[in-house]
Amino acid sequence: MAPGMEAADIAVVALYFVVVLGIGFFAMRKANRSTVSGYFLAGRSMTWIVIGASLFVSNIGSEHFIGLAGSGAASGFAVGAWEFNALLLLQLLGWVFIPVYIHSGVYTMPEYLSKRYGGNRLKVYFAALSLLLYIFTKLSVDLYAGALFIQESLGWNLYLSIILLISMTALLTVTGGLMAVMYTDALQAVLMIGGALTLTIISLIKVGGLEGVRTKYMEAVPNISAIVANGNFSYSPSCRVEPKPNSLRILRGPLDEDIPWPGFLLGQTPASIWYWCADQVIVQRVLAAKNIAHAKGSTLMAGLLKVLPMFIIVIPGMISRILFTDEIACIGPEHCLAVCGSKAGCSNIAYPRLVMAVMPVGLRGLMMAVMIAALMSDLDSIFNSASTIFTLDIYQTARRGASQRELLLVGRLFVVVMVVISIAWVPVIIEMQGGQMYLYIQEVAGYLTPPIAALFLLGVFWKRCNEKGAFWGGMIGFTLGTLRLILAFIYREPRCDQPDDRPAFITQVHYMYVAAALFWVSGLTAVAVSLCTSPPDREQVRTTTVWGLHHIEKVPLKDREEIYRLTEKNQCNSNGGLRKDLPPDVRNERCLDGADIKLLVPSVDHDPVTPSTETTPATTPEERVGNGKTEMVHAEEGYHGDLENSRCTRWLDCFCGYKETTQPQVMEDEKVIMEMLYEPPRIKLILNLGLIMVCSLGVFMFVYFSL
């Protein structure tokens, strides 16, 4: 075990594991996991506080604590621009995109593309691209970052630690679904913010506050002569060790190598729109909200929390450089290799090095738990969202007659497959010696995601855009982006002590400008092709654009309850049926033991499957979509004969949360959508005032850290 870790620290980490597992299994018992909505959307029962915390924690993974702090140590305040940009884009999600997604009645983002444009080409393309991004950027980088912190602080066996963390995260995700993920996220948000704030306060005191950071960071230059004298290291003047002159500004000149402000506004913003407004990991959480008011409240809360990373991650990274200048700002490849095992640089060890040096006994264990929380939260977010996309957008497309039992089982098995791929990817992660990990993630996303952002923006705002235009716009953007990404991997940046003979279009053109070009090329191609071909059907754009929201009347829930008054007698008959004069959603609320299974079911492109042997239509396992009405039947036919009595089968059903039920048919039509989109006037006023305040705060933070 690494020096510095005491028994109290290990006890704190062990207590964390016990509490998280306890909360996860509590949520597993509470959740209605036997339905697609219960497993993938937490039954649409989440409140704004839980969703806001989950949004923050699912975004702030271990790659933020390692990569964001490392970029802060290497280049100053600049990387904080992503956090303030996210603050603003979260409100775009809550006020524009989420109402459209609710109105269209979708589970997943690939499904939205299919419903908006028609066909399956775009759905399968976006689903496959999302899964690739999840596995080979998010998962790989998260595991590398978490392993780096464990290795730096505990000295545990790398593979054993990663396998343990992945396996426990997957266990929570497989058994509990989204509800277990979001409840554990709420705990981890408190733990993460509390521990990181503690570290920030202690380290700020050591350097003399924020003004001390500004002054001492610019003086944090390693003692080259002492390092060369004490070790067999060489130094080349081309290896820049001084802080950059504009390190204390977020938005920098148009030719800056980190964040040129035109490239950030025009190129990085579209890539960020994909992440915050069209990425399954983020949107799936907001879709679990009870109604639009809770959805908007959650984005306001998450936006406020996004101010924190600048102070609890970026600035501590800068403080780490101040306190450990000779290690964090290593002078050359050989010196860096000796310090942290990477020739590309040692900025990524800034945060764990600060934790081990500054935090007292016990609190070091708390910060270890924070890092584990960040890693597990990001992993369980990816596992749940990726299984949703694979099950509903790829597997169900290929196997159209799949039953609900089969879909739930496939979703859980896909999590296991992702675990195996993640563990197999560990050797590649260890060899991935990136300098600034966070910028590596942004660069990869910048080449692949701007075309997707263009398709979503056109789909939401322009009714004339059709499937042919969207497909060819996406394909051209994807092809160009992939070629540029391949060239970036072929022409890797040389070590700082070697000459850089890469082509000018690699060295002189910032990836943010490439992202901007990809966004506009994809968008203009989609517009041109759409104008040259027939417009989409009216039904395709009726519920899938922002303009369709103006034509739907929003009705408060209490009005519907008054229309369908319930008597004080038992509303459920002896065999579990319901009185016919009640609307299905009210039946659900009054008679299903508090298990809220409201959902807007995705459209299915196949004919209803053959009815089961049950005698009532309520038990037919089918989903139907037509003229604004969506029906879903939660009851499923069970196994028959010997298989029904199989202990193995019963254990599997128990593990997966599947229950043999004869629940009534749950139907959701436009009236339910009207209820979900309804905002009481007073609540709407409060939310709009909050929107103005949060957006003003975001603009202020940009200005304050750019002066």
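What counts as what
- Residues numbered from 1 in each chain as written.
- Predicted model: local features only at pLDDT ≥ 70, side-chain atom pairs only at ≥ 80, totals over all residues.
- Heavy atoms only, no water.
- Helix = DSSP H or I, 4+ residues; strand = E, 2+ residues; numbered from the N terminus.
- Contact = heavy atoms within 4.5 Å.
- Areas by Shrake-Rupley, 256 points an atom, 1.4 Å probe, with all protein chains shown as cover.
- Core = buried A, V, L, I, M, F, W, Y, C linked by side-chain atoms within 4.5 Å.
- Buried < 20%, exposed > 50% of the residue type's maximum accessible area, 1.4 Å probe, protein only.
- 1 Å grid on protein atoms, 1.4 Å probe; cavity = no way out; pocket = protein on both sides within 12 Å on 5 of 7 lines; lining within 4 Å.
- Points joined across faces, edges and corners; volume = space filled by probe spheres on them.
- Nonpolar A, V, L, I, M, F, W, Y, C, P; charged D, E, K, R; others polar.
- Arc of directions from axis to C-beta.
- Disulfide = S-S within 2.5 Å.
- Axes fitted to C-alpha atoms, helices over the stretch in contact; angles between N-to-C directions.
- Parallel < 35°, antiparallel > 145°, perpendicular 65-115°, else oblique.
- Left-handed = near helix turned anticlockwise from the far one by under 90°.
- Salt bridge = Lys/Arg side-chain N within 4 Å of Asp/Glu carboxyl O.
- pLDDT = per-residue confidence, 0-100.
- Phe/Tyr/Trp six-rings, centres within 6.5 Å; stacked < 30°, edge-to-face > 60°.
- Lys NZ or Arg CZ within 6 Å of the ring centre and 35° of its normal.

Looking now at the overall build of the protein chain. Along its length, the protein chain carries 31 helices and 3 strands. For the protein chain, long-range pairs separated by at least 24 residues make up 83% of all intrachain contacts whose partners lie at least 6 apart in sequence. Accessible surface, the protein chain: about 27,900 Å² in total, of which carbon and sulfur atoms supply 63%.

Here we come to the nonpolar core. Formed by 169 residues in total, the largest nonpolar core has its most connected members in F65, L93, F97, I98, Y101, Y351 and F456. Examining the composition of this core, we find that 16 residues originate from one element, helix α7 (residues 121-153), more than from any other. The residues contacting Y101, other than those within four sequence positions of it, are V106, M109, Y112, C277, A278, V283, L287 and F456.

Scanning the model with the defined rule gives 6 cavities of 30 Å³ or more in all. Roughly 400 Å³ of volume is contained in the largest cavity. If you trace the largest cavity, you find 26 residues lining it, with N59, K138, Y275, I441 and Q442 closest to the centre. Looking at the lining of the largest cavity, the elements that each hand over two or more residues are α3 (48-59), α4 (62-75), α5 (81-104), α7, α11 (261-278), α18 (363-398) and α21 (437-448). The element that contributes the greatest number of residues to the lining of the largest cavity is α11, accounting for 6 residues. Class assignment for the residues of the lining of the largest cavity results in 13 nonpolar, 7 polar and 6 charged.

This paragraph deals with helix α16 (residues 333-340). Every α-helical turn comprises 3.6 residues, leaving residues that sit three or four positions apart pointing alike. When α16 is considered as a whole, its buried residues turn out to be P333, H335 and C336. The buried side chains of α16 occupy one side of the element, clustering within an arc of 160° when seen end-on. Buried-residue contacts for α16 involve α10 (224-230) and α15 (325-328). Positive phi appears at G341, one or two residues downstream of α16, with a value of about 85°.

Under the criterion given, the structure shown has 2 disulfides. At a sulfur-sulfur separation of 2.1 Å, the disulfide partner of C340 is C346. Given an S-S torsion of about -85°, the disulfide between C340 and C346 has left-handed geometry.

Moving on to the side chain of Q268. Among the structural elements, Q268 can be located in helix α11. Overall, Q268 belongs to the buried group, its relative accessible area being 2%.

Where helix α23 (residues 467-490) contacts helix α25 (residues 511-532), the two axes come as close as 7 Å, and the packing angle between them is 155°. One way to sum up the angle between α23 and α25 is to call them roughly antiparallel. Relative to α25, the crossing made by α23 is right-handed. Contact residues: α23 offers K468, G469, A470, W472, G473, I476, G477, L480, G481 and R484, while α25 offers V514, L518, V521, S522, T525, A526, V529 and S530. Of the residues contributing to the contact of α23 with α25, the split by class is 9 nonpolar, 7 polar and 2 charged.

Our next topic: the environment of D497. Position of D497 among the secondary structure elements: in the loop between α23 and α24 (504-507). A residue is classified by how much of its surface remains accessible, and D497, at 28% relative accessible area, is partly exposed. For the pair D497 and S236, spaced 261 residues apart in sequence, the C-alpha separation works out to 5.6 Å. Residues contacting D497, with those up to four places away along its chain left out, are S236, S238, C239, P333 and E334.

One pass over the full model with this rule turns up 15 salt bridges. Among the ionic pairs, R214 bridges to E211, the shortest N-O distance being 3.9 Å. Placement of both R214 and E211 in helix α9 (residues 209-217) is noted, with a separation of 3 residues, approximately one turn of the helix. Judged by its relative accessible area of 16%, R214 is buried. The exposure class of E211 is exposed, given its relative accessible area of 53%.

Once that is clear, we can look at the confidence of the model for the protein chain. For the protein chain, the average pLDDT comes to 77, and 75% of its residues sit at 70 or higher. Averaged over each element, pLDDT in the protein chain is lowest for strand β2 (residues 629-632) (37) and highest for α25 (96). Segment residues 32-43: pLDDT under 50, and 63 contacts once partners within four positions in sequence are set aside and those in other chains are kept. Low confidence marks residues 559-644, where pLDDT is under 50. Its contacts with residues over four positions away, or in another chain, come to 172 contacts.

Take the packing of aromatic side chains next. Counted under the stated rule, the structure contains 20 aromatic pairs. Between F84 and F705, the aromatic rings sit 5.9 Å apart at their centres with planes inclined by 25°, giving stacked as the arrangement. Placement of the pair is F84 in helix α5 and F705 in the segment after α31 (681-704), with a sequence separation of 621 residues. Of the residues examined, F705 reaches a relative accessible area of 1% and is grouped as buried. Ring centres of Y101 and Y112 lie 5.3 Å apart, and the angle between their planes is 70°; on these two criteria the pair is classed as edge-to-face. Highlighted residues: Y101 in helix α5 and Y112 in helix α6 (residues 109-117), separated in sequence by 11 residues. Judged by relative accessible area, Y112 falls into the buried class, the value being 0%. Taken together, F77, W82, F84, F264, F311, F700, F702, Y704 and F705 form an aromatic cluster joined through their ring pairs. Across from the ring centre of F471, 3.8 Å away, lies the NZ or CZ of R121, which sits over that ring.

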